[in-house]
Structure formats: structure tokens, C-alpha cells
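# Structural overview for review
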Amino acid sequence: MTPRNIHKGNSNNLVSDIMEFNKAVTDASPGDVISLTNGVWKDVELVFEGKGTETHPIKLTVEEKGSVILEGASNLQLAGEYLEVEGLIFKNGFTPTNTVISFRKNRNELANNCRLTECVIDNYNNSERNVQDYWVAIYGKNNRIDHNHIVGKKNLGVTMIVGLDTKESLQNNHIIEYNYFGPRPTFGNNGGETLRIGTSHNSLENSNTLVQSNYFDRTNGEHEIISNKSCQNTYKYNTFFECTGTLTLRHGNETLVDGNVFIGNGKPSTGGVRVINETQTVINNYHFGLTGYRFRGAFVMMNGVPDSPPHRYVPVIDSKINNNTFINCDNIQLGAGSDAERSQAPKASEISNNIFYHETKSNLFTVSDAISGIKFENNITGKNIEPLTANGFEKASIELVENNQGFLIPKSDQIKTPITISENIATKENTGTTWYSKKQNIVTLNSGKIIKVAPGINTLFNAANNSQPGDILELTSGESYGLTKTVKVKHPLTLKSSGVKKPILFFERMIALEIQNGGSLFLDHIKFDGLHSPDYAGNSAIATCKKSMIQNYKLFIDHCEFKNFTVNHSFDVLRVSEGTFADIISIQNSTFENITGHIAALDKETDDIGAYNVEHFVMKNNLFTNIQGAALRLYRGGKDESTFGPFLNVNHNVFDNVGYGSKNKYKAMMSLYGVQVNDITNNIFTNCKRMKMHLVVGEPIVNIINNNLYNSDDIQITGDEKYNIENLWNFNPEFNKDDYSLLDISPLKAKGTEGLDLGLLKIIK
Ligand code: CA
């Protein structure tokens, strides 16, 4: 046994099970310490209640930090006064309730003057992606949440909330500081916020919460990294590192955002602060390399709804955006979201004494409505920046000098007050705990060893079963592989050919390769032949697990061939399930011939609440011939604006006789619904059914350029009234097939099995 002399004195109780814990809690007096013994505590619901005093709190701690782990269906509730919790680790399970750590036992028994410190919640995810929970819910008053390590939330629900749903939780003076919020992947729907204070229902109440010196490390769940939804909160000295989203002042007034750092490092969709509502103050913030646009700009001031109800968009009035620094940030958005409803431009506000510097870009400002309600004064820009207004912007020779904290600081004779970053700024080192590692062991595709797989029946199945994450299964060039069992892709795995010729896969189950939770797949020079597949409708070469997958996956198909998917109808190439999400699906340099189903139908989120199945979809340099279903169906229903995908890139493909099958319920060769970025360029459509695009929400980007339609239906674009097709960005209406003549693509077909190179193909007008 571990020596149990770590805590001394009568008031120290080392407890080793839930009964002992409950007794210790019942008996606890001010100043007592209750320690959980080292080891795994499985399925324990701790209710820590009591009354300590300011000088003698009751403390719940652990025998040794890092050695006490709460697993399974465990959680913690606090209720009472002056309680301290320290050193708990939650992992390998998920809470049976809707909160892992709650500052209340029920709506009437809250925790006040309590502290949560050095606790860890690590990937403590409900296995159902769309089942909601919170990890930390703060109620009551005067609570301090500090030095916690919170990483890897992947299911629905905000990571940490401040709840204001009873009056005992208003004007709470909570302090949230020095916490490490580790990576949270893109969720693909609303409900992936990392911190939310209040809700729209209580957004006009004062919360008076201080959020300072916290480190947000790639917390990318959704558009709102932080969703401020109440009044009089302060955000200071926080660092946002490569976060795809913004600190959003969504509801509530009188917010102070002061001295924070936003580091984008050129990563896509990284943003700064988004301002809505009245009397907001955004000062002394430093922004570097943020590339996001629209609602994810480096700075965004929204248009509002006249006489807005609290849950919509209260117009910006009386707000100050001063003394902020923007280095290599691509987009400053004013009047963003302007539309028929959000018609009120910002009023009585000012943007002064800010510095805008960009090494390459000159047009930083996007103005979507009147800016006469904003006063601009003494802003300084680099020489190349186009000033937004005639007055209020002064050009300067700016050089960047690295300071002792590692930040590039602009210097110029015209910058009178030197730019400084607070010593209290959050860093990876001064946040979280000292004893729980912030390193993430992420295994990527192609990072493991090469395993040679001999031709034969189920050799591939066995090799996959015995593989380790990141491994590469090398199949013999040109040889045949049979599968009587579905290969389970449980981790990142690559299948490739040993030579130039593709190995051929025959499969006798309805699915050849199934991507399971934690799996990702790279297929390189593999041929799938449907000749031996079962004579039932609904086969597919690749499928995701039927169950919800909490981990995002990646799928790359490169130089592959899919043919003879004809044994029965609805034989798909890729079939995904509800509750799954791909960071990227990329299909390149591949050929598809005689397929009775779809190539990829990504439309399994049908609740119309903004959810979708893939963030980035790439289809490039492929040849599709005789596809009865759709080449692609991409669906994002509903009008939620919390996310920014899907992003679509369809480039340099030949689609030949696609979409005409009687079972093709989309009645289209490609059906796109609610897609936010639509790049469809340099493709040839011959004998194809209509491509349909329906625009639902946001400001979708539509690039339809240089496509050749021969003996095919026109592209049909529909959408809400507000989408005036003429005004869509980069929309090229000249896709009329009569304007083009078609190159003979037969040589390409012949070449198809060798892989395609359409680089030399020219569209002749
Ligand atoms: Ca949201």
C-alpha cells in the first residue's frame, strides 16, 4: 500500500470508497480535508456539500495529484459554502447526468465562495455525439475556477458554462482564471462553444464574471469560442491560440474585452472579437495572423435588428474599439450580417487608435452597411493599406520587432505609446496544472510502419486487425485480395499498392471497409471490384460505423478505381451514418465506372438544425462514367449560423452519364444544399442530369467557373429570396452549354485506368 501519511492531523480523512467519502462529507467541519485514495474510482457520483468558512474551507483533494482518476459514469456536485476541490481527473467515461462538475446539487442548493482548482477533464465524452452535456457548470456566487485542464470535448454541449437561471446566480463575481482549454475539434453543428456565460433568456442580467488569463488552445468546436450572453462581464489577458472562431459578444451589454491575445498563425477561419449589442468596450487586444472572414473576421462589428428581441441581434450602440493591434490579419468586418432583418447599422460607436499592419494584403476592411455611426480617429496603418475613410487613418512606416515574450510588436515614429502585452497574459505554461501533460498523442495517417500483405482471402482483414495506428498496409501490385469479412478501420490506416498496378479488392460482405470511431483511411492505388458483392441493394465499398462516432475522421482516396458496382441497385462507393463527421473527404485522380448508387451521399443530418457530415469535401481530377446515383450529395439544413462549412471543391473532373438512375432520389447528378463554399471549376459534364444547388444561410460563396456542359441539364441554383444570384461572389453565369464545344474525352477514358491527368485539358469556348 502507498503510505498514507501525506495529510497529517485529525481533520484529514483519506477515503477509499464512496461510503467512506459520504461519511467524511457528512462529518466534515470547517478546516477538514477529505482525500481520495490513489487509484481508479469507477462510477462514483460525488456530492460534496458542507459549510466551511472563509479562513477554514472544507477541502476535497487527492492522495497524490495525478494518481486519482474518476472513470465510467462519474461526476461531482458541489453545494454549500467555502468548499475547495483539487486534483480530480475525469477520463475514460462520461457523466450520467448533463454535467461532469456542477456548482449545485439542484436548483435550490448551490455552491458559493467555492474553488475548483487543478482538476482535469480529459476526453470525458458521451459516446453519442449528439447527446448533450456540460463539463463544468458554474452556479451560485463568488466561485473561483482556476488552473484546471480541460481538453478534448467532442460531444454536443458547451464545455464550461456560467448558469444564470436562478436569481441566486446573478451578479456572481465568479473568477475563471489560468485554466487550460485544450483542443476541441470542429463539431459540425451549433453547441460546440468552449465557454458560455448566460443564455439569451437572461442576457439582460448582470453576471459580473471575470474571465482572465485563460489559454484557449485550438478550441475549434464552432464559431463561438466564447459566447457572452449576459451583462458586465470582463475578458482580460486570455490567449486564443489558432482557434477557428471568435470571442463573441452575442447578447448582453457593458462587456469589457481588454488585453487579450489572438494568434492565428495564418490558419484558416481564425478570428478575433465579434461585437453585437450596446456599450461594449474592446481595447488593448493584440491580433496576429487571423485569416477568418465574415463572422470570423479578426474584428467583426455586426449589424443589428431594429427593436430586436433579446435572442436575435441587438444593434451595436455606444461601443468602443480602441488601442487594438492587428498584424497580418486579413479581414475587419463592419456591419457584418447586414440583411433584410439585420438592417440597423452600428451607432454612436468609435474605432480609434488602432494599428492595422499587413505585409501583403491592402484591403482589410469589408463594409456591409453604413459606417456613419462609427467615429474613426487616429488609427495607424501600414503604407500599403487602403484607408477605410478619408479621415481617421494615418499611414506609417511600421517595422515589427519581437519583444521578450515573443510577440511581434509594431514600431513607428507615429506610434506614440508603445504596444505592450500584459505579464499576466495566459501561456501554455502558466495555465492548467503543472502535473498533467498538455502534449497530445495524435497519430496521423502514414506515420506508422509498412506491413506487406500477401494476396489471398482475408489477408487484408487480418493485417488490418493486427495493425497499429498510422500503419501502412502494402498490397502486392496487380494481385487479387478477397474479403469475406468487413475490414474494421479502428485507427488511422493506409492501404497502398507495392507498385504501379493496382491490387484488386473483391468483397463478399455488403461493406468492404468500415471506418469506426477513431479510424481514418487513406486509399492509394487500390481497385475495388463489385463483382463478388452480395446480390442485395445497398452495398458500399466504404462506410462509416452505423453508430455515432465521437471522433472526427479523415478519408483520402487517391489514384483508385471503383468498378462493377452493379450486382443490385443502390451500390454506393461511400456511405456515411448519422452522428459521424469528417474533417476532410478527398477523392482525387480516381476513376468510377458502372456504379448503381452514389459516389458520396453526405446528408444524414436531417434535423435541419445546422448539422452536417463533412467540413471539407474535395473531388479533383476524377473520371465518373455511368453513375446511376449522384456523384455527390452534400446537405446542411437549417438556418443556424454557428458553423462555417461545408467547404466544397470540385475541380477538373469528367462526369459522363451521371445521375439518371431511377433510384436516384436526388434527381440530380450533384445535389448541394446549404453548402457555404461552392468551388466548381474546370469540369466537364457530358450526358449528365442536372446539378442542383440550394442556398440557405450565410453568405455562401459560389464559384462556378469554366465548366463545360455537353448534352447535360443546366445547373440549377435556388435559394431564399435574399440570394440574388447576380450578387454572389465570383459567380460566373456563363456556363451555358451553347457557348462551349466539347473536347473528345475518349482518350481520357482509355487512359483512365492509368490515372488521370487533366492538366492539359483545355475548355474551348
Ligand atoms: Ca453557438
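Right, let's get into the coordination of the calcium ion. Around the calcium ion, the protein contributes the donor atoms Asn 190 (OD1), Glu 193 (OE), Glu 222 (OE), Glu 222 (OE), Glu 224 (OE) and Ser 642 (OG), which lie 2.2 to 3.2 Å from the metal centre. For the calcium ion, the six donor atoms in the first shell make angles of 49 to 163° at the metal, so the coordination geometry reads as irregular. On the primary sequence, the residues serving as donors to the calcium ion are separated as N-x2-E-x28-E-x1-E-x417-S. In this pair, Asn 190 is assigned in the loop between β19 (180–181) and β20 (195–197) and Glu 222 in the loop between β22 (215–217) and β23 (224–229), connecting sequence segments 32 residues apart. With a relative accessible area of 28%, Asn 190 lands in the partly exposed category. For Glu 222, a relative accessible area of 1% corresponds to the buried category.

Strand order across the open sheet formed by 10 strands is β45-β47-β50-β53-β56-β59-β62-β65-β68-β71, with parallel pairing between neighbours. Either end of the sheet is taken by a strand with one partner, and the two such strands are β45 (456–457) and β71 (708–710). As judged from the four bridges shared by strand β47 (residues 480–483) and strand β50 (residues 504–507), these two strands associate in the parallel manner. Paired with Ser 480 across the bridge in β50 is Ile 504.

Glancing now at the sheet that holds strand β63 (residues 632–635). The nine strands are arranged β48-β51-β54-β57-β60-β63-β66-β69-β72 in an open sheet whose pairing can be described as parallel. Each of the sheet's edge strands pairs with one partner strand only, and the pair in question is β48 (487–489) and β72 (715–719). Within the sheet, the average angular offset between the axes of one strand and its neighbour, ignoring direction, is 15°. Inspection of the sheet shows strand β69 (residues 691–695) paired to β72 by five bridges, in the parallel sense. Looking across to β72, one finds that Leu 695 is bridged to Gly 719.

Moving on, we get to the pairing of strand β6 (residues 68–72). Among the five residues of β6, five are classified as buried, and the element is accordingly described as predominantly covered. Sheet topology places strand β3 (residues 39–42) next to β6; four bridges connect them, and they run parallel. Bridge pairing in β6 places Lys 42 opposite Glu 71.

Time to look at the packing of aromatic side chains. Evaluation of the coordinates by the stated rule reveals 26 aromatic pairs. Both rings, one in Tyr 635 and one in Tyr 673, keep their centres 4.7 Å apart while their planes meet at 25°; by these two values the pair is stacked. Here Tyr 673 lies in strand β66 (residues 670–673) and Tyr 635 lies in strand β63, a separation of 38 residues in the sequence. The exposure class assigned to Tyr 635 is buried, which follows from its relative accessible area of 11%. Assessed through its relative accessible area of 24%, Tyr 673 is described here as partly exposed. Grouped by ring-pair contacts, the aromatic residues Phe 507, Phe 528, Phe 562, Phe 565, Phe 571, Phe 592, Phe 624, Phe 655 and Phe 685 constitute a single cluster. Positioned above the aromatic ring of Tyr 313, the side-chain terminus of Arg 250 is 3.8 Å from the ring centre. The ring of Phe 295 is capped by Arg 294, whose NZ or CZ atom sits 4.0 Å from the centre of that ring.

Looking now at helix α1 (residues 18–27). Residues Phe 21, Ala 24 and Val 25 constitute the buried set of α1. The arc that holds every buried residue of α1, seen down its axis, measures 100°, which confines them to one face. Seen from the open side of α1, the exposed residues pointing more than 90 degrees away from its buried face are Met 19, Lys 23 and Thr 26. Lining the buried residues of α1 we find β1 (12–15), β2 (33–36), β4 (45–51) and β5 (58–62). Sitting at the head of α1, Asp 17 places a side-chain oxygen 3.1 Å from the backbone nitrogen of Met 19.

Turning to the nonpolar core, a few remarks are in order. In terms of nonpolar packing, the biggest core is built from 76 residues, with Phe 48, Leu 76 and Leu 88 touching the most fellow members. Core analysis: the second largest hydrophobic core is formed by 72 residues, Val 489, Leu 495, Phe 507 and Leu 632 among them.

With that out of the way, let us pick up the environment of Val 40. Within the secondary structure layout, Val 40 lies in strand β3. Placed 31 residues apart in sequence, Val 40 and Glu 71 show a C-alpha to C-alpha distance of 6.8 Å. Apart from residues no more than four positions distant in its own chain, Val 40 is found in contact with Ile 69 and Glu 71.

Considering all chains together, one arrives at 29 salt bridges under this definition. Glu 177 is paired through a salt bridge with Arg 144; the nearest N and O atoms lie 2.8 Å apart. With Glu 177 in strand β18 (residues 175–177) and Arg 144 in strand β15 (residues 144–146), the pair connects residues that are 33 residues apart, well separated along the chain. Its salt-bridge partner being Lys 449, residue Asp 471 comes within 2.9 Å of it at the nearest N-O pair.

Further remarks concern the domain arrangement of the chain. Entries for the chain in the domain assignment read domain 1 (212–432), domain 2 (442–545 + 554–577) and domain 3 (598–765). The interface is formed by 11 residues belonging to domain 2 together with 10 residues belonging to domain 3. Between domain 2 and domain 3 the total buried area reaches about 850 Å² when both faces are included, carbon and sulfur atoms providing 55% of it. Applying the counting criterion to the domain 2 and domain 3 interface returns three residue pairs in polar contact (both at pLDDT 80 or more). Looking at which element gives the most residues to the side of domain 2 that touches domain 3, the answer is strand β57 (residues 572–575), with three residues. Here the side of domain 2 that touches domain 3 is composed, by residue class, of four nonpolar, four polar and three charged.

Attention now goes to unusual backbone geometry. Cis geometry is adopted by the peptide bond preceding Pro 646, which originates at Gly 645 and carries an omega value of -5°. Structurally, Pro 646 is set in the loop between β63 and β64 (647–651). Non-glycine residue Asn 208 carries a positive phi angle of around 55°. For Asn 208, the position within the fold is in the loop between β20 and β21 (210–212). Within the chain, Asn 284 stands out as a residue other than glycine whose phi angle is a positive 60°. Considering the arrangement of structural elements, one finds Asn 284 in the loop between β30 (281–283) and β31 (286–288).

What counts and what doesn't
- Residues numbered from 1 in each chain as written.
- Predicted model: local features only at pLDDT ≥ 70, side-chain atom pairs only at ≥ 80, totals over all residues.
- Heavy atoms only, no water.
- Donors = N, O, S within 2.8 Å, 3.2 Å for Na, K, Ca; no water.
- Tetrahedral: all angles 85-135°; square planar, octahedral: opposite > 155°, others 65-115°.
- Helix = DSSP H or I, 4+ residues; strand = E, 2+ residues; numbered from the N terminus.
- Buried < 20%, exposed > 50% of the residue type's maximum accessible area, 1.4 Å probe, protein only.
- Pairing = 2+ DSSP bridges.
- Axes fitted to C-alpha atoms, helices over the stretch in contact; angles between N-to-C directions.
- Phe/Tyr/Trp six-rings, centres within 6.5 Å; stacked < 30°, edge-to-face > 60°.
- Lys NZ or Arg CZ within 6 Å of the ring centre and 35° of its normal.
- Arc of directions from axis to C-beta.
- Contact = heavy atoms within 4.5 Å.
- Polar contact = N/O pair within 3.5 Å; in protein donor to acceptor, adjacent residues only side chain to side chain.
- Core = buried A, V, L, I, M, F, W, Y, C linked by side-chain atoms within 4.5 Å.
- Salt bridge = Lys/Arg side-chain N within 4 Å of Asp/Glu carboxyl O.
- Domains from an automatic or database assignment.
- Buried area = accessible area lost by both parts, 1.4 Å probe.
- Nonpolar A, V, L, I, M, F, W, Y, C, P; charged D, E, K, R; others polar.

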